[in-house]
Amino acid sequence: QVQLVESGGGLVQPGGSLRLSCAASGIIFMLYHKAWYRQVLGKQRELVARITAVGNIEIADSVKGRFTISRDNAKNTVYLQMNSLKPEDTAVYFCNAWLREYDYWGQGTQVTVSS
């Protein structure tokens, strides 16, 4: 059974930082491309960052320079380091791992940026 479990969300003040983690089980994690998405209620889910199996990285323009994505294949974990957080970063953040027709999602973790 494949599981992606996100953690690290919470409430943070504007300008603060959070690190999200996504731990995977049931797949050969290092073979998969990984990504973080976010979704605000009533809006489409949007890509935040992704890292391919070979390490190519793409960061959304809205978070470039503030967010970084990394992975630790030995720990089957992908991370999203979020710095200089803004209220508009408030969303549910989802972890995604995909490889060809295989596409897996975590349950999401809430990030709220507010004073």
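Residues numbered from 1 in each chain as written. Predicted model: local features only at pLDDT ≥ 70, side-chain atom pairs only at ≥ 80, totals over all residues. Heavy atoms only, no water.

### Some remarks on the state of the cysteines
Reasoning step 1: Enumeration according to the criterion identifies one disulfide in this entry.
Reasoning step 2: In this model, cysteine 22 is linked to cysteine 95 through a disulfide, with the two sulfur atoms separated by 2.1 Å. Here the S-S torsion is close to -80 degrees, and the disulfide linking cysteine 22 with cysteine 95 is therefore left-handed. Of the two residues, cysteine 22 sits in strand β3 (residues 18-25) while cysteine 95 sits in strand β9 (residues 91-99), which places them 73 residues apart along the sequence. Each of the two residues, cysteine 22 as well as cysteine 95, counts as buried. (Disulfide = S-S within 2.5 Å. Helix = DSSP H or I, 4+ residues; strand = E, 2+ residues; numbered from the N terminus. Buried < 20%, exposed > 50% of the residue type's maximum accessible area, 1.4 Å probe, protein only.)

### A word on the side chain of threonine 109
Reasoning step 1: With respect to the helices, strands and loops of the structure, threonine 109 is situated in strand β11 (residues 109-113).
Reasoning step 2: The class of threonine 109 is buried, set by a relative accessible area of 11%.
Reasoning step 3: Separated by 3.4 Å, the side chain of threonine 109 and the backbone nitrogen of glycine 9 make a polar contact.
Reasoning step 4: Among residues more than four places away in sequence, those in contact with threonine 109 are Glu6, Gly9, Leu20, Ala91, Val92 and Tyr93. (Polar contact = N/O pair within 3.5 Å; in protein donor to acceptor, adjacent residues only side chain to side chain. Contact = heavy atoms within 4.5 Å.)

### Considerations on the side chain of asparagine 96
Reasoning step 1: Inspection of the secondary structure puts asparagine 96 in strand β9.
Reasoning step 2: Looking at asparagine 96, its side chain comes within polar contact range of the side chain of aspartate 103, at 2.7 Å.
Reasoning step 3: Not counting chain neighbours up to four residues away, the residues in contact with asparagine 96 comprise Leu4, His33, Lys34, Ala35, Tyr37, Asp103, Tyr104 and Trp105.

### Brief notes about the nonpolar core
Reasoning step 1: Membership of the largest hydrophobic core comes to 29 residues, with the highest contact counts inside it found for Trp36, Leu80, Met82 and Tyr93.
Reasoning step 2: A per-element tally of this core places β9 first, with five residues.
Reasoning step 3: Excluding its chain neighbours within four sequence positions, the residues that come into contact with leucine 80 are Leu18, Arg19, Leu20, Trp36, Val48, Ala49, Phe67, Thr68, Ile69 and Tyr93. (Core = buried A, V, L, I, M, F, W, Y, C linked by side-chain atoms within 4.5 Å.)

### Brief notes about the sheet that holds strand β7 (residues 67-72)
Reasoning step 1: If you trace the four strands from one edge of the open sheet to the other, you get β1-β3-β8-β7, paired in antiparallel fashion. For this open sheet the edge positions go to β1 (3-7) and β7, each flanked by a neighbour on one side alone. Put simply, the sheet's adjacent strands are angled 15 degrees from each other on average, direction ignored.
Reasoning step 2: Pairing of β1 with β3 involves five bridges; the strand directions are antiparallel. Residue pairing for β3: valine 5 is matched across the bridge by alanine 23. (Pairing = 2+ DSSP bridges. Axes fitted to C-alpha atoms, helices over the stretch in contact; angles between N-to-C directions.)

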